[in-house]
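Coordinate inspection notes
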Amino acid sequence: MELHYLPKVWKQGTDFLGTRYAILCGAMTWVSESHLVSAISNAGGFGVIAGGNMPPEMLAEEIRKTRAKTDFPFGVNMITVAPNFRSHIGVVVREKVPFAIFAGSIPSGKDIEQVKAAGAKVLCFAPVLALAKRLIKQGVDALIIEGNEAGGHIGPVATSVLAQEFLLNHITEIPVFVAGGIGTGEMIAQYLALGAAGAQLGTRFVVAEECIAHPRFKEAFIRAHARDAMPTTQFDPSLPTIPVRAIVNEGTQDFNRLQLELLTKVKSGEMTKEEGQVKLEEFWVGALRRAVIDGDIEHGSLMAGQSVAFAKKIQPVAEIIEELVAGAERNLAEMAKGNGSEVGNGLPPAFRPGLPIN
Ligand SMILES: Cc1cc2nc3c(=O)[nH]c(=O)nc-3n(C[C@H](O)[C@H](O)[C@H](O)COP(=O)(O)O)c2cc1C
């Protein structure tokens, strides 16, 4: 398909990532390894290795394996609260990974400096505008806003609201990528029209042919409806938990039981709040591995976003990406047509009032 609108509308994103398309496959622990990551990058998108809490040597090996399978850019996602976080920074620096993505919490200025000094561009998740401004001052090169429709650990605000807060002329200095609840190219076009530099998807790529997730994990995604991907709840503030969105199964009940058990121990003083939080997080690491790798879809964690509604069949990565690109291009063309104007620079003017149209 010949692209008329997209190359101009997401130019900021493709220039930044060095890709044909400004579509990222967000890191997914246990899922985003060299096969999926290289397939995404080879298909014109941007793949991201999930550092999770991998032993550092394994992460270095995964980077080398990815390099052996693609010459295109990719990144490494590091979780700031993971016990191996500091050694992951060391690996990213040593392996000269071109893009570092910090997740989990806000990285320190020192963390950002360290990877930038090694030549990496830095992307960070920004939960609120004030923090985004601080991250920009600290040298972050691009931001990701992720709404709570997304799979995995989530914040409290919907993607549509974050997009309005961040994109309507508030953050103009650096690219902003939008994630959470995106399943179609048409939706990508809408966020681009608001000013996004590109989009990040996770859930839809789980059912890619190249994804190494267990066939039962993929089947659970294909069977699920949007309403099946629910966030966990926190029972009491004395044991804070970050909500995790996953397809509801027996594992959800296991998590709830563990939370109640730990809560009782924290309240009675048998365990500190911090110890309780660590145990809760360990549940997710083990449970996600059991589901993704071993195929235990009853008791493992089926982390998935509401966009699971669009993960309907197993497809090669390239086909998924082409579908997304075609949908986005069609939607931008429709917007331009509906607007009744010849669009010189490829932007639908009614949707981006601040931008000059040549
Ligand atoms: C199974 C699974 C595991 C994930 N693991 C991580 C992770 O390790 N680090 C991270 O930053 N985001 C993680 N995410 C979030 C994705 O990178 C991505 O931002 C999210 O899936 C986008 O929303 P979507 O699920 O609606 O496509 C995970 C998501 C899923 C579904």
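Note that the structure is a prediction, hence the values are computed from the model and not measured. (Residues numbered from 1 in each chain as written. Predicted model: local features only at pLDDT ≥ 70, side-chain atom pairs only at ≥ 80, totals over all residues.)

As for the nonpolar core
Note the cut-off: The term nonpolar core refers to a group of buried residues, namely Ala, Val, Leu, Ile, Met, Phe, Trp, Tyr and Cys, whose C-beta atoms join them within 7 Å. Using C-beta atoms placed from the backbone, we call a residue buried if 20 or more other C-beta atoms fall within 10 Å of its own, exposed if 12 or fewer do, and partly exposed for counts in between. The secondary structure listing takes helices from DSSP runs of H or I that are at least 4 residues long and strands from runs of E that are at least 2 residues long, numbered from the N terminus. An automatic or database domain assignment supplies the start and end points of every domain. Residue pairs are scored as contacts if the distance between their C-beta atoms, which are placed from the backbone, is within 7 Å.
Ala100 and Leu143 are the most contacted members of the largest nonpolar core, which has 112 residues in total. Tallying contributions element by element places helix H14 (residues 317–338) first for this core, with nine residues. Shared between two domains, this core holds at least three residues of each, these being domain 1 (6–201 + 316–351) and domain 2 (215–308). Non-local contacts of Ala100, meaning those with residues more than four positions away in its chain, are made with Gly75, Val76, Met78, Val92, Val115, Ala120 and Val122.

Quick look at the site of the ligand
So the rule is basically this: By convention here, the C-beta atom is placed from the backbone, and a residue is near a molecule or strand when that atom is within 6 Å of it. Amino acid classes used here: Ala, Val, Leu, Ile, Met, Phe, Trp, Tyr, Cys and Pro are nonpolar; Asp, Glu, Lys and Arg are charged; the rest, including Gly, are polar.
Around the ligand there are 27 residues in total, and Gly26, Gly151, Gly152, Gly202 and Gly305 lie nearest to it. Of all the secondary structure elements, the ones that give two or more residues to the shell around the ligand are strand E9 (198–201) and helix H10 (203–206). In terms of residue class, the shell around the ligand is made up of eleven nonpolar, 13 polar and three charged.

Brief notes about the sheet that holds strand E11 (residues 244–247)
To keep things clear, this is the line we draw: Strands were regarded as paired on the criterion that DSSP finds at least two bridges between them.
The three strands are arranged E7-E11-E10 in an open sheet whose pairing can be described as antiparallel. Among the strands making up the open sheet, the edge pair consists of strand E7 (152–153) and strand E10 (229–231). For E10 and E11, the ladder comprises three bridges, and the chain directions are antiparallel. Across the sheet, Met230 pairs through a bridge with Ala246, a residue of E11.

Some remarks on the sheet that holds strand E5 (residues 121–125)
For clarity, the cut-off: Every angle, taken between N-to-C directions, lies between 0 and 180 degrees, and every axis is a line fitted to C-alpha atoms, over only the stretch in contact when it is a helix.
In space, the eight strands of this closed barrel follow the order E1-E2-E3-E4-E5-E6-E8-E9, with parallel pairing throughout. Across the sheet, the axes of successive neighbouring strands diverge by a mean angle of 25 degrees, strand direction being ignored. As defined by bridge partners, strand E1 (residues 23–25) adjoins E9 across three bridges and the pair is classed as parallel. When the bridges of E9 are listed, Leu24 appears paired with Gln200. Across the sheet, helix H5 (residues 85–94) is in contact with strand E3 (74–79) and strand E4 (99–103); its angle to E3 comes to roughly 160 degrees.

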